[in-house]
Protein chains: 2
Amino acid sequence: MKLENPSQLQWQFSHRAEQMQSSAIREILKITMRPDITSFAGGLPSPATFPVEHMKTAFDRVLTQQGKVALQYGPTDGYLPLRQWVADSLSTDGAKIVPEQVLMVSGSQQGLDLLGKVLVDEGSKVLVETPSYLGALQAFALYGAQFESVPSDENGLLPETLDGIAQGARMLYSLPNFQNPTGRTLPLERRIKLVETCARLGLPLIEDDPYGALSYRNAPLQKMLTMNPSGVIYMGSFSKVLTPGIRLGYVVAPTPLIQKMEQAKQATDLHTAQLTQMVVYEAIKDGFLEQHVPTIRKLYGDQCEAMLGALQDFFPAGCSWSKPEGGMFVWVTLPKQIDTGTLLAEAVEKIKVAFVPGAPFFANTPERNTMRLSFVTVPPAQIRVGIEALGKLIASKL
Amino acid sequence: MKLENPSQLQWQFSHRAEQMQSSAIREILKITMRPDITSFAGGLPSPATFPVEHMKTAFDRVLTQQGKVALQYGPTDGYLPLRQWVADSLSTDGAKIVPEQVLMVSGSQQGLDLLGKVLVDEGSKVLVETPSYLGALQAFALYGAQFESVPSDENGLLPETLDGIAQGARMLYSLPNFQNPTGRTLPLERRIKLVETCARLGLPLIEDDPYGALSYRNAPLQKMLTMNPSGVIYMGSFSKVLTPGIRLGYVVAPTPLIQKMEQAKQATDLHTAQLTQMVVYEAIKDGFLEQHVPTIRKLYGDQCEAMLGALQDFFPAGCSWSKPEGGMFVWVTLPKQIDTGTLLAEAVEKIKVAFVPGAPFFANTPERNTMRLSFVTVPPAQIRVGIEALGKLIASKL
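It should be emphasised that the depicted structure is a prediction, and the values quoted were computed from it without experimental measurement.

What counts, and where the lines are drawn
- Residues numbered from 1 in each chain as written.
- Chains lettered and ligands numbered in written order.
- Predicted model: local features only at pLDDT ≥ 70, side-chain atom pairs only at ≥ 80, totals over all residues.
- Heavy atoms only, no water.
- Helix = DSSP H or I, 4+ residues; strand = E, 2+ residues; numbered from the N terminus.
- Rg over C-alpha atoms; globule rule 2.2 N^0.38 Å.
- Buried < 20%, exposed > 50% of the residue type's maximum accessible area, 1.4 Å probe, protein only.
- Contact = heavy atoms within 4.5 Å.
- Areas by Shrake-Rupley, 256 points an atom, 1.4 Å probe, with all protein chains shown as cover.
- Lys, Arg positive; Asp, Glu negative; His and termini not counted.
- Charge placed at Lys NZ, Arg CZ, Asp CG, Glu CD.
- Domains from an automatic or database assignment.
- Buried area = accessible area lost by both parts, 1.4 Å probe.
- Salt bridge = Lys/Arg side-chain N within 4 Å of Asp/Glu carboxyl O.
- Pairing = 2+ DSSP bridges.
- Axes fitted to C-alpha atoms, helices over the stretch in contact; angles between N-to-C directions.
- Parallel < 35°, antiparallel > 145°, perpendicular 65-115°, else oblique.
- Left-handed = near helix turned anticlockwise from the far one by under 90°.
- Nonpolar A, V, L, I, M, F, W, Y, C, P; charged D, E, K, R; others polar.
- Least-squares fit on C-alpha atoms with pLDDT ≥ 70 in both.
- Expected span 1.5 Å × (residues − 1).
- Core = buried A, V, L, I, M, F, W, Y, C linked by side-chain atoms within 4.5 Å.
- 1 Å grid on protein atoms, 1.4 Å probe; cavity = no way out; pocket = protein on both sides within 12 Å on 5 of 7 lines; lining within 4 Å.
- Points joined across faces, edges and corners; volume = space filled by probe spheres on them.
- Polar contact = N/O pair within 3.5 Å; in protein donor to acceptor, adjacent residues only side chain to side chain.

This part covers the overall build of chain A. A tally of regular secondary structure across chain A gives 14 helices and 15 strands. Over its C-alpha trace chain A gives a radius of gyration of 22 Å, about what one expects of a compact globule, namely 21 Å for 398 residues. The burial tally for chain A puts 65% of its 398 residues in the buried class. Residue pairs at least 24 apart in sequence account for 75% of intrachain contacts in chain A once pairs closer than 6 positions are excluded. Surface summary for chain A: the accessible area is close to 14100 Å², and the carbon and sulfur share equals 51%. The average position of the 36 basic charges and that of the 38 acidic charges among the side chains of chain A differ by 3 Å.

Below, the discussion takes up the domain arrangement of chain A. Residues and elements named next belong to chain A. Taken domain by domain, chain A consists of domain 1 (19–49 + 290–395) and domain 2 (72–286). A C-alpha centroid distance of 25 Å is found between domain 1 and domain 2. With 32 residues of domain 1 in contact, the opposing surface of domain 2 contributes 29 residues. Buried area between domain 1 and domain 2, both sides added, is near 2400 Å², and the carbon and sulfur share of it is 62%. Its largest share of buried area at the contact with domain 2, domain 1 owes to Arg297, Glu325 and Phe361, together 23% of the area lost on that side. On inspection of domain 1 and its partner domain 2, the count reaches 0 salt bridges.

Here we take up the pairing of strand 2 (residues 102–105) of chain B. All names here are of chain B. Residues Val102 and Met104 line one face of strand 2 and the alternating positions Leu103 and Val105 line the opposite face, and both faces are buried. Looking at chain direction, strand 2 and strand 10 (residues 249–252) are connected through 4 bridges and run antiparallel. Across the sheet, Leu103 pairs through a bridge with Val251, a residue of strand 10.

All right, on to the packing of helix 13 (residues 340–351) of chain A against helix 14 (residues 380–395) of chain A then. Residues and elements named next belong to chain A. The interhelical angle for the contact between helix 13 and helix 14, taken along N-to-C directions, is 125°, at an axis separation of 11 Å. One element, helix 13, and the other, helix 14, form an angle in the oblique class. As helix 13 runs across helix 14, the sense of the crossing is right-handed. Here Leu343, Glu346, Ala347 and Ile351 of helix 13 lie close against helix 14, whose contacting residues are Ala389, Leu390, Leu393 and Ile394. Within the contact of helix 13 with helix 14, the residues separate by chemical class into 7 nonpolar, no polar and 1 charged.

Attention shifts here to the relation of the copies chain B and chain A. Overlaying chain B with chain A gives an RMSD of 0.0 Å, the required rotation being 180° about an axis along which the chain moves by 0.0 Å. Between the two chains, the operation in question is that of a two-fold axis. Of the residues that chain B buries at the interface, 100% are likewise interface residues in chain A, meaning the two copies contact each other through the same surface.

Residues and elements named next belong to chain B. In spatial order, the strands read 11-12-15-14; together these 4 strands make up an open sheet with antiparallel pairing. Of all the strands in the sheet, the pair left with one neighbour each is strand 11 (320–321) and strand 14 (356–357). Sheet topology note: the strand 12 (residues 329–333)/strand 15 (residues 370–374) ladder contains 5 bridges and is antiparallel. Residue pairing across strands places Val332 opposite Met371, the latter belonging to strand 15. The strands that helix 12 (residues 288–314) touches are strand 11, strand 12 and strand 15; relative to strand 12, the one it contacts most, it runs at about 15°.

On to helix 5 (residues 108–119) of chain B. Residues and elements named next belong to chain B. Its 12 residues give helix 5 an end-to-end C-alpha distance of 16 Å, which sits within 8% of 16 Å, the value for a rise of 1.5 Å per residue. For helix 5, the tally of buried residues reaches 12 of 12 residues, placing the bulk of the element in the interior. Three or more residues of helix 5 are buried, namely Ser108, Gln109, Gln110, Gly111, Leu112, Asp113, Leu114, Leu115, Gly116, Lys117, Val118 and Leu119.

Within soluble globular proteins, side chains that are nonpolar tend to cluster in buried spots. Core analysis: the biggest nonpolar cluster contains 272 residues, and Phe140(A), Leu373(A), Phe140(B) and Leu373(B) have the highest contact counts within it. Ignoring sequence-local partners within four residues, the contact set of Leu373(B) consists of Phe40(B), Met307(B), Leu311(B), Met328(B), Phe329(B), Val330(B), Val332(B), Phe355(B), Ile387(B) and Leu390(B).

To continue, consider empty space enclosed by the protein. Taken as a whole and judged by the stated rule, the model has 4 cavities of 30 Å³ or more. By volume, the largest cavity amounts to about 110 Å³. Lining of the largest cavity is provided by 14 residues; of these, Ser106(A), Ala273(A), Ser106(B), Arg247(B) and Ala273(B) occupy positions nearest its centre. Counted by class, the lining of the largest cavity contains 4 nonpolar, 7 polar and 3 charged residues. Its boundaries defined by the atoms lining it, the second largest cavity holds a volume of some 50 Å³. The wall of the second largest cavity is formed by Phe59(A), Ile246(A), Ala273(A), Leu275(A), Thr276(A), Phe59(B), Ile246(B), Ala273(B), Leu275(B) and Thr276(B). Residue assignment for the lining of the second largest cavity shows that the elements contributing at least two residues are helix 11 (274–284) of chain A together with helix 11 (274–284) of chain B.

Here the focus is unusual backbone geometry. The step from Thr130(B) to Pro131(B) runs through a cis peptide bond, and the omega angle for that step is -10°. With respect to the helices, strands and loops of the structure, Pro131(B) is situated in the loop between strand 3 (125–128) and helix 6 (134–141). Here the amide bond leading from Asn180(B) into Pro181(B) is cis, since omega sits at 20°, within 30 degrees of zero. Residue position: Pro181(B) is located in the loop between strand 7 (169–174) and helix 8 (188–201). Located in the positive-phi region is Arg247(A), a residue other than glycine, with phi close to 60°. With respect to the secondary-structure elements, Arg247(A) resides in the loop between strand 9 (232–237) and strand 10 (249–252). A positive phi angle, near 65°, is found at Leu270(A), a position not held by glycine. As for its placement among the helices and strands, Leu270(A) is situated in the loop between helix 10 (255–269) and helix 11. We classify Leu270(A) as buried; its relative accessible area is 14%.

The next thing to look at is the interface of chain B and chain A. Listed per partner, the contact involves 100 residues of chain B and 100 residues of chain A. Regarding the contact of chain B and chain A, the summed buried area is about 8400 Å², with carbon and sulfur atoms giving 59% of it. Summed over the shared surface of chain B and chain A, the number is 2 salt bridges. Taking the shortest distance from any N to any O, the salt bridge between Lys117(B) and Asp113(A) comes out at 2.5 Å. On inspection of chain B and its partner chain A, the count reaches 44 residue pairs in polar contact (both at pLDDT 80 or more). In the side of chain B that touches chain A, the residues fall into 46 nonpolar, 35 polar and 19 charged.

Before going further, it helps to spend a moment on the sheet that holds strand 4 (residues 146–149) of chain B. All names here are of chain B. Strand order in the open sheet formed by 7 strands is 2-10-9-8-7-3-4, with mixed pairing between adjacent strands. What marks the edges here is a single partner per strand, and that holds for strand 2 and strand 4. Geometrically, the sheet is characterised by an average inter-axis angle of 20° between neighbouring strands, direction not taken into account. Note that strand 7 and strand 8 (residues 205–208) share 3 bridges and pair parallel. Residue pairing across strands places Tyr173 opposite Ile206, the latter belonging to strand 8. Together, strand 2, strand 9 (232–237) and strand 10 form the strand contacts of helix 10 (residues 255–269), whose direction differs from that of strand 2 by roughly 25°.

Residue and element names in this part refer to chain A. A complete count under the given rule lists 37 salt bridges over all chains for this structure. One salt bridge connects Asp36 with Lys352, and the closest N-O pair in it is separated by 3.7 Å. Placement of Asp36 in the loop between helix 2 (24–32) and strand 1 (38–39) and of Lys352 in the loop between helix 13 and strand 13 (353–354) is noted, with a sequence separation of 316 residues between them. The class of Asp36 is partly exposed, set by a relative accessible area of 38%. The class for Lys352 is partly exposed, based on a relative accessible area of 34%. Residue Asp286 pairs with Lys285 through a salt bridge whose shortest N-O separation is 3.5 Å. According to the relative accessible area criterion, Asp286 is exposed, its value standing at 65%. When its relative accessible area of 34% is taken as the criterion, Lys285 is described as partly exposed.

Put into structure tokens, the structure is as follows:
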């Protein structure tokens, strides 16, 4: 049976769906996947860093030794040995984290979605950096967050501004290490001040840390989680240190919040793939990351240096940029008259170079003369060629 | 640095989080995982059906041949060859489904979450069967759904009752094949009537079909999707025909809705694991399911027969139950004076038998004298022993 001449449905979407827009970044990515484009637009790690053989061995071992368990439904909170590993790895600087504080999630983005689900009502105030990670803005916006941008400078947010704006806020979302999109790092003294201020104000402090392990030269700064585990919600990911395509991350938080997030996750996707969690545990339990991550740091560090050098050599006067000490991104501020949204279309067409315009990363007032450049998937020589061409295009606008 | 004597945060959860309750079923499952319990409570497929070696080969092949692609971020809508496979497999009975109508999701439960996200506002009316799948009720409730239970009988919902109650509803959620929790199947004539009525009323019709392939004897009835692809939203899963622990399902819907769901998924978890999708495609592309699924049908069919026989032999007069022709569940109605919630505690303690009380599956008025029994993970002999003990316990209450 087949319905004759059915009429098209008039969709009545939810209020939140009506307001959704496709991520500007992912739309651009679709264009810039063309092989003739030099893309500084991606947020993707370099596939050169993926330990394919090591993962293959881990999959084989888990499926051989525990296949029936790995392929069955699993607990919502996650695979206990991996939660224990996460808890142990974060028990530094005198802090003691236990597995009950750890929820495994299907990538950090899901951690953001679950945070929005359990903490944000329509109209809830959420504090974010200026600028902030677009994926977090999108996740929280779906639950009706009203963003307040915390004043920030080249070292990140300014804790002393919080007293005036935190009243009634549900949380403060921060990305202290090699932030996406700016590449900047919050200094230790600001972390201390931020943790103290949030504790005094009773404000949950989110510490999103996907890039923390990718510090090129220096030892990482102390995690805010370890300064106050009862007031900080920490988010980590295996995407940047192992591989992103498996979708695995974790949230560490005080148990009242973790329990709510676990309930929300149950209704959201039941649990994160048991097989994936067992394989990642198998892959890392004997210290693999300690040998592997330095190779990522070296690769990205060299390419970051190439980009910073090229910017110095080829970008015209009036441009400034961040000097990241880790992570994947450089943030560039052009002279005020240049709108990078317009510039992108021209760059892709004329010089086959892509980047991400900065405007979507601002929760409130966009600075349209900004751009995010990723250096991780482009070899140094090609970085120089691309940046030179982009510098000339910018100079032609001045 | 460590904060001295931090005060505990006073959590202010979202309205939806305040209302969440942990799934009664999963809480019970935690108790009934004890090996001394005969559990009819699970919703888990039998691990005996998991094709571990076949999956191992597929993982090995994908990682060997396309490791770098499989471990990288992927597109939000999913892996195209698999979406094409889904579209082809559903293009039956004269319907033509295209990959643009297919969104890959991290298990069917995520499909439910995304549907709630894009179709349900606080207070939106959502029509459901009586009783209905608990996971759907939980997913939609998080977005503020107000449920209206559609009158249903032992063959499922009654399409002729819709005119009176559909006004203003955002969708009708149905599970036509071997429903969870009742095991009942919607007859063909009711499917036709339902599709026609929903099309006339402009009401989106959800066809959730995780068990459709598990028909023990007869050819499956025509899918409602194929009767009207422009008005039906179909949800499928690899959990029951391949393995659940990998978390992979799909939603098929008209493109305006799929596009909204894709945007919502982007903010929810970016995309479903690329590796998983490539491996499942590798595992099934040459017709594996056509040999494999009959072995699941045989196992479950035999165990279903054992349970129906045992119920006939051992349950006292005044009890009635469904006669499923596929799927995983039998639904039992006891004499009115028995509350299965109370009975469960006693059954676990005294006779070490577990089941799921029926009340949580009712969106509105619960029938407390009902229970769901799963027969798929217990061998026939143990089924008989467990059902005999349960029958005696019930008889002792009458």
